[in-house]
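Here is how the chains run, residue by residue.
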Amino acid sequence: MTDLSKIRNFSIIAHIDHGKSTLADRLIQATGGLTEREMSEQVLDNMDIERERGITIKAQTVRLNYTAKNGETYELSLMDTPGHVDFAYEVSRSLAACEGALLVVDAAQGVEAQTLANVYQSIEHDHEIVPVINKIDLPAAEPERVKEEIEEIIGIPATGPWQEGGAVLASAKTGEGIEDILEALVARIPPPTGDRDAPLKAMLVDSWYDPYLGVVILVRVIDGVLKKGLAIKFMQNGTQHLVDRVGCMRPKIEQLEELGPGEIGFITAQIKEVADTAVGDTITTVKNPAAKALPGYKEVQSVVFCGLFPADAADFEKLRESIAKLRLNDASFTFEMETSAALGQGFRAGFLGLLHLEIIQERLTREYDLDLITTAPSVVYKIHLSKGETIELHNPADMPDVTQIASIDEPWIKATIYVPDEYLGPILKLCQDRRGIQKQLTYVAGRAQIIYELPLNEVVFDFYDRLKSISRGYASFDYEPIGHREGDLVKMEIMVNGDPVDALSMIVNRDAAETRGRHMCERLKDLIPRHLFKIPIQAAIGGKIIARETIGAMRKDVTAKCYGGDISRKKKLLEKQKKGKAKMREYGNVSIPQEAFIAALKMGEE
Ligand SMILES: Nc1nc2c(ncn2[C@@H]2O[C@H](COP(=O)(O)OP(=O)(O)OP(=O)(O)O)[C@@H](O)[C@H]2O)c(=O)[nH]1
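Residues numbered from 1 in each chain as written. Predicted model: local features only at pLDDT ≥ 70, side-chain atom pairs only at ≥ 80, totals over all residues.

Draft legend 1. Representation of the overall build of the protein chain within the structure. Per the secondary structure count, the protein chain includes 15 helices and 34 strands. Split into buried and exposed, the 606 residues of the protein chain put 44% on the buried side. Sequence separation of 24 or more characterises 68% of the internal contacts of the protein chain that already satisfy a separation of 6 or more. (Helix = DSSP H or I, 4+ residues; strand = E, 2+ residues; numbered from the N terminus. Buried ≥ 20, exposed ≤ 12 C-beta atoms within 10 Å, placed from the backbone. Contact = placed C-beta atoms within 7 Å.)

Draft legend 2. Representation of the sheet that holds strand S11 (residues 240-242) within the structure. Reading across the sheet, the eight strands line up as S11-S10-S16-S7-S8-S15-S12-S13 and stay open at both edges, with antiparallel pairing between neighbours. Two strands in the sheet have a free side with no partner beyond their single neighbour: S11 and strand S13 (253-255). Between one strand axis and the next, the sheet turns by 40° as a mean value, whatever way the strands run. Across three bridges, the pairing between strand S12 (residues 245-249) and strand S15 (residues 264-268) is antiparallel. Within S15, the position partnered with Val-246 by the bridge is Ile-267. (Pairing = 2+ DSSP bridges. Axes fitted to C-alpha atoms, helices over the stretch in contact; angles between N-to-C directions.)

Draft legend 3. Layout of the nonpolar core. Grouped together as the largest cluster of nonpolar side chains are 158 residues, with contacts concentrated most on Leu-103, Val-132, Val-219 and Leu-226. Top element by residues in this core is strand S8 (residues 214-223). It accounts for seven residues. (Core = buried A, V, L, I, M, F, W, Y, C linked by C-beta atoms within 7 Å.)

Draft legend 4. Representation of the UniProt feature "binding site: GTP" (unreviewed entry) in the protein chain in the model. When the UniProt feature table is mapped onto this chain numbering, "binding site: GTP" (unreviewed entry) sits at Asp-17, His-18, Gly-19, Lys-20, Ser-21, Thr-22, Asn-134, Lys-135, Ile-136 and Asp-137. Along the chain, Lys-135 turns up in the loop between strand S5 (128-134) and helix H6 (143-154). Sequence-distant contacts of Asp-137, that is, excluding residues within four places in its chain, are made with Ser-171, Lys-173 and Thr-174. (UniProt positions renumbered as here; feature names shortened; annotations may be inferred.)

Draft legend 5. The arrangement of the packing of helix H10 (residues 424-433) against helix H12 (residues 463-470) in detail. Two elements in contact, H10 and H12, have axes whose closest approach is 10 Å; the angle formed by their N-to-C orientations is 165°. One finds that H10 runs roughly antiparallel with respect to H12. Crossing of H10 against H12: the hand is right-handed. Listed contacts from H12 to Pro-426, Ile-427 and Leu-430 of H10 are Arg-466, Leu-467 and Ile-470. Here the contact of H10 with H12 is composed, by residue class, of five nonpolar, no polar and one charged. (Parallel < 35°, antiparallel > 145°, perpendicular 65-115°, else oblique. Left-handed = near helix turned anticlockwise from the far one by under 90°. Nonpolar A, V, L, I, M, F, W, Y, C, P; charged D, E, K, R; others polar.)

Draft legend 6. Region of the structure containing the confidence of the model for the protein chain. For the protein chain, per-residue confidence averages 85 on the pLDDT scale, and residues scoring 70 or more make up 86% of the total. Looking at the elements of the protein chain, mean pLDDT is at its lowest for helix H3 (residues 48-53), recorded as 42, and at its highest for strand S6 (residues 168-169), recorded as 98. Segment residues 578-582: pLDDT under 50, and one contact once partners within four positions in sequence are set aside and those in other chains are kept. Here the predicted complex scores 0.75 on pTM and 0.97 on ipTM. (pLDDT = per-residue confidence, 0-100.)

Draft legend 7. A look at the pairing of strand S22 (residues 381-385). Where S22 meets strand S23 (residues 390-393), four bridges bridge the pair, whose relative direction is antiparallel. Within the sheet, the bridge partner assigned to Lys-382 lies in S23 and is Glu-392. Both S22 and strand S24 (residues 405-420) contribute to a ladder of four bridges, which runs antiparallel. The residue of S24 that forms the bridge with Leu-385 is Ile-405.

Draft legend 8. Representation of unusual backbone geometry within the structure. Even without glycine at this site, Asp-126 takes up a positive phi of about 60°. For Asp-126, the position within the fold is in the loop between helix H5 (113-124) and S5. With a phi close to 50°, Gln-270 is a non-glycine residue in the positive phi region. With respect to the helices and strands, Gln-270 occurs in the loop between S15 and strand S16 (282-285).

Draft legend 9. Representation of the environment of Leu-226 within the structure. Locating Leu-226 in the fold gives a position in strand S9 (residues 226-227). By C-beta crowding, Leu-226 is classed as buried, having 23 other C-beta atoms within 10 Å. Excluding anything up to four places from it in sequence, Leu-226 contacts Leu-200, Ala-202, Val-219, Val-221, Val-243, Val-246, Glu-258, Leu-259 and Ile-267.

Draft legend 10. Up close: the sheet that holds strand S1 (residues 7-14). Taking strand neighbours across the sheet as the criterion, the six strands line up as S2-S3-S1-S4-S5-S6 in an open arrangement whose pairing is mixed. Looking at strand neighbours, the two that pair on one side only are strand S2 (61-67) and S6, the edges of this open sheet. As paired strands, S1 and strand S3 (residues 73-79) are joined by five bridges and run parallel to one another. Across the sheet, Ile-7 pairs through a bridge with Glu-75, a residue of S3.

Draft legend 11. Here's a closer look at the packing of helix H1 (residues 20-30) against helix H7 (residues 178-188). For the pair H1 and H7, the least separation of the axes is 10 Å and the interaxial angle reads 85°. By the angle class used here, H1 and H7 are roughly perpendicular. Residues Arg-26, Leu-27 and Ala-30 of H1 touch H7, and the partners they reach there are Ile-178, Glu-179 and Leu-182. Split by residue class, the contact of H1 with H7 holds four nonpolar, no polar and two charged.

Draft legend 12. Seen up close, the environment of Leu-354. The topology assignment puts Leu-354 in helix H9 (residues 354-366). For Leu-354, a count of 23 C-beta atoms within 10 Å translates into the label buried. Along the backbone, Leu-354 and Ser-378 are 24 residues apart, and their C-alpha atoms lie at a distance of 10 Å. Residues within four places of Leu-354 in sequence aside, it is in contact with Val-304, Pro-377, Val-460 and Tyr-464.

Draft legend 13. The arrangement of helix H13 (residues 510-527) in detail. Look at H13: 26 Å from first C-alpha to last across 18 residues, which is about the 26 Å you get at 1.5 Å a residue. Listed in full, the buried residues belonging to H13 are Ala-513, Gly-517, Met-520, Cys-521 and Leu-524. (Expected span 1.5 Å × (residues − 1).)

Draft legend 14. Representation of the environment of Thr-31 in the model. On the secondary structure map, Thr-31 appears in the loop between H1 and helix H2 (36-40). Residues Thr-31 and Thr-67, spaced 36 residues apart in sequence, show a C-alpha to C-alpha distance of 8.4 Å. Those residues in contact with Thr-31, other than ones at most four positions away along the chain, are Leu-64, Asn-65 and Tyr-66.

Right, here's the structure in full:
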């Protein structure tokens, strides 16, 4: 039984590259959880994609035992949190499981805009925040300046000595200051509270699929005790299970007798699928259940949908299996079968946001070695039909005939953008061009904080990429859904040689339709190779043509380009053509290269 006063639960807040993972590994090493060699393989970021993109997708947690200078041994739980807006809810649950946070700031870079958003979230959870100035070994380090920045911009004490509530100076690289961090954690982060004798209440923080253990659930016990053999109940979905393992990660798995109040650890209970567990759910006992669930639970909802098709129709079964496997571990995306005239058999999948979409797409391509075609991301529209019914539309291809539609509502978001002053102008223009409504513009130490309401539909295309390129990577973007609003929306179809190409149809704002349509046609004109006949490319709304381009007929044999008898060159060209053919989609009597779909759907800037 762990003495509550000896427990410290904390997370690490840091801007990308300020050293969160290195520092976490150092803390694990300093408390004996890792050897030097194991440390070289960063533990907390353990997936390729995560490492390459510098983001953490699945929260991982480690428990460290630290004997402080006062001679007492403490049990520290370090909760890793995912770092992207699409996972805001998961982050909020991880934060809710802790009492404090280490705020890591690079001694040479100082406070970055994104750090602010994360710190505010942590402050909202009433966390005690311990600032750590990392990388003090760098020649460019300016710890004193950074301390002042922390006080000025974030508004938490930092300038005094760390023993008196100031920032801790450290280098995760050399190991300097690591002990000070551990001492500061113990001294400043409050221990959890909880009642061992009350009915069990544990928060389901995260879950994942382990090939040996099955579904592993990360929990934070609030009241009561979790033990092997206990019959538990998930309060949201009402299912019951028998706990068969209780333990923690150090970071290696260690089985424990029990998890008491204030403790973070894992359980397994012969659960088959991650989809059977809901992040934020309250776990209680069957026999003596808690009267009320923990606050803050939200159901996961897909916000962005797109079609996923195998580039080679023969890969459909492989795609089906791969998606099913991925879903074992990530219950936050949904999928169902879809058939497209242009792209054949595939799936319509729903995601938490754009980054989530990209991650799944990339994992399918990389881990499962699939060549994919992804259709334009679409948001969820609410269509009010003339006969009074309301339907949800996830796929532009399913849009009812205009004559049956009374009105269409589209989802809006509240976006918070932090950006250095010099990029403000172009960013305001971008938001304005995307039908944004400015709500607030404030300055904090040379940085602007802009709040805009925007239709999600305008954000899903390339807003984030545009924002990053306009601001040279300095702008940060955070959003939350604020419900549906009526919009003047139409379905735009793209017709190649007179036939609509279903995979390219999209729902757009009426005012933007013409520009979008024109760009799409121009783009496709460059992407579709010439044929023996002229090919008209048209954009249309309800049968009315709004834009048109024509691909001229092919004049000469391609091989005529090669002069004289250079046979090998001719051969090469023909082979190249053949290869290109294999990746073509026959559409009516027009062959559209697969790249054309991908490129056309990327849209780019208008
Ligand atoms: N010189 C120096 N480099 C450091 C220190 N801490 C981390 N680094 C380096 O800074 C880079 C980023 O460190 P990470 O630990 O990956 O940073 P992170 O914040 O976890 O980054 P993400 O996982 O991408 O969010 C790496 O190249 C580290 O080796 C330090 O104290 N001194």
